[in-house]
Amino acid sequence: MASYKKIARMTDEAMRLRTVERLLTLREQLRVDVPQRTATDTLLLATWNIREFGEGRLDESYYYIAEIIDHFDLVVIQEVNSKQMGGLERVVEILGPGWGYIVSDGVDGTDGGSEAMAFVFNTHKVQFTGMVGEIVLPNTKLIDGVQFARTPYMASFRAGWFDFKLCTVHIYYGSKKNEQGIYERRQKEIKAISDFLLKRAKAEDVSYILLGDFNIPDTKGVYFNALSTKNGFFVPQEIQDKPTDMAGVSHYDQIAFKLKMDHDMVLYNKGEQRAGAFNFSKSVFCHTDKGESDYDIYREFYTTDKLKTEDDFRKAFKTWRTFQISDHLPLWVELKIDFSDQYLEKKL
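Anyway, here's the lowdown on the structure attached to this text. Note that this is a predicted model, so its numbers are computed, not measured.

So, how was this worked out
Residues numbered from 1 in each chain as written. Predicted model: local features only at pLDDT ≥ 70, side-chain atom pairs only at ≥ 80, totals over all residues. Heavy atoms only, no water. Helix = DSSP H or I, 4+ residues; strand = E, 2+ residues; numbered from the N terminus. Rg over C-alpha atoms; globule rule 2.2 N^0.38 Å. Buried < 20%, exposed > 50% of the residue type's maximum accessible area, 1.4 Å probe, protein only. Areas by Shrake-Rupley, 256 points an atom, 1.4 Å probe, with all protein chains shown as cover. Lys, Arg positive; Asp, Glu negative; His and termini not counted. Charge placed at Lys NZ, Arg CZ, Asp CG, Glu CD. Pairing = 2+ DSSP bridges. Contact = heavy atoms within 4.5 Å. Axes fitted to C-alpha atoms, helices over the stretch in contact; angles between N-to-C directions.

## Things to note about the overall build of the protein
Consideration 1: Helix and strand counts for the protein come out as 9 helices and 11 strands.
Consideration 2: For 348 residues, the compact-globule formula gives about 20 Å, and the C-alpha radius of gyration of the protein, at 20 Å, lands near that figure.
Consideration 3: Reported as C-alpha extents along the three principal axes, the dimensions of the protein are approximately 65 × 50 × 35 Å.
Consideration 4: Relative to its 348 residues, the protein shows a buried fraction of 52%.
Consideration 5: When the accessible surface of the protein is totalled, it reaches about 16,500 Å², and 50% of it is carbon and sulfur.
Consideration 6: Taking the 46 positively charged and 52 negatively charged side chains of the protein as two groups, their mean positions are separated by 3 Å.

## A look at the pairing of strand 4 (residues 115–122)
Across a regular strand the side chains alternate sides, sitting on one face of the sheet and then on the other.
Consideration 1: Burial within strand 4 is extensive, with 8 of its 8 residues counted as buried.
Consideration 2: Burial of strand 4 is two-sided: the residues E115, M117, F119 and F121 facing one way and the residues A116, A118, V120 and N122 facing the other way are all buried.
Consideration 3: Two elements, strand 2 (residues 74–81) and strand 4, share 6 bridges in a ladder whose sense is antiparallel. In the sheet register, V76 faces strand 4, and the bridge partner there is F119.
Consideration 4: The sheet contact formed by strand 3 (residues 99–103) and strand 4 spans 5 bridges and is antiparallel. Note that in strand 4 the partner of I102 across the bridge is F119.

## A word on the side chain of H251
Consideration 1: With respect to the helices, strands and loops of the structure, H251 is situated in the loop between helix 6 (237–240) and strand 9 (253–258).
Consideration 2: Sequence-distant contacts of H251, defined by excluding residues within four places in its chain, comprise I216, P217, D218, T219, Q240, D241, K242, P243 and T244.

## So, the sheet that holds strand 6 (residues 153–159)
Consideration 1: Read from one edge to the other, the open sheet built from 5 strands follows the order 5-6-7-8-9, with strand pairing classed as mixed. The strands lining the two open edges of the sheet, one partner per strand, are strand 5 (127–134) and strand 9. Strand-to-strand twist of the sheet, defined as the mean angle between neighbouring strand axes without regard to direction, takes the value 20°.
Consideration 2: The pairing of strand 7 (residues 162–170) with strand 8 (residues 207–213) spans 7 bridges and is classified as parallel. Of the residues in strand 8, the one forming a bridge with T168 is L211.

Below is the structure:
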């Protein structure tokens, strides 16, 4: 359970009162939109690209991020700023002593942007089982002669009866200067990590989950096909149906499975488990093009001399708020992890 004690120390009274009010609203939305955590029956897994996740956000923003994470059991985060780890550390501090995290080293260079990736998990529910590392392709499998722009990060965990390895990615984004080259590079990176893990999965008696920001615009084209090829990774339809950008259009983030389990041990069963993309903007840093918006409340934090009209302020706020929380929605899935009945029935 997140710790709210330091909210009382906020010197800005308006921010303190707003933080308490918004946390209550956010908590209510989470109770409605996300299933309740269970002690042993299920695992709530999420992937979240938190935009340039470092220091410099408003103090209230870290509470909102922590509150969202606190409603899951394990959250995989992309775009952690490896040169400003205080942001991640602040969130884990708010989450409290029942939470742990593992973070990768930052990736230097233009494409890497000093970005790291992190696994944040509830230690009462999820156990780290000792394997952690970055994926490095063999020379024969390089992508046009190079490694991934941002090195995939993998770790092993156990939750209830379920042992698994999580591999998170942030697939190449690029710039608009070479649009066709960008598309080809993304597709090749997705196929490279899929093929690499599929080969591992065939040789090991372990389940793999591949998740993160794939920069996939939709689930109909070549990017998605590179992920879910025949006999490859499985993405439940309920995940495919959930766009994760703020506009509710693009399917950048995905959660894909390659499982090694008995046929009667079903992690995700449509109708029994749920999946979704949590739209936090309904509760914090709210914005609609037509209707109510928080752009006026936070005006002092993003105002510049260039902003003249109300339309200017609305547009500026729309971008600014993505640096306070994110321009991605957390994508989550509820997995069944208690197979006690199935195990006992086999012993009859």
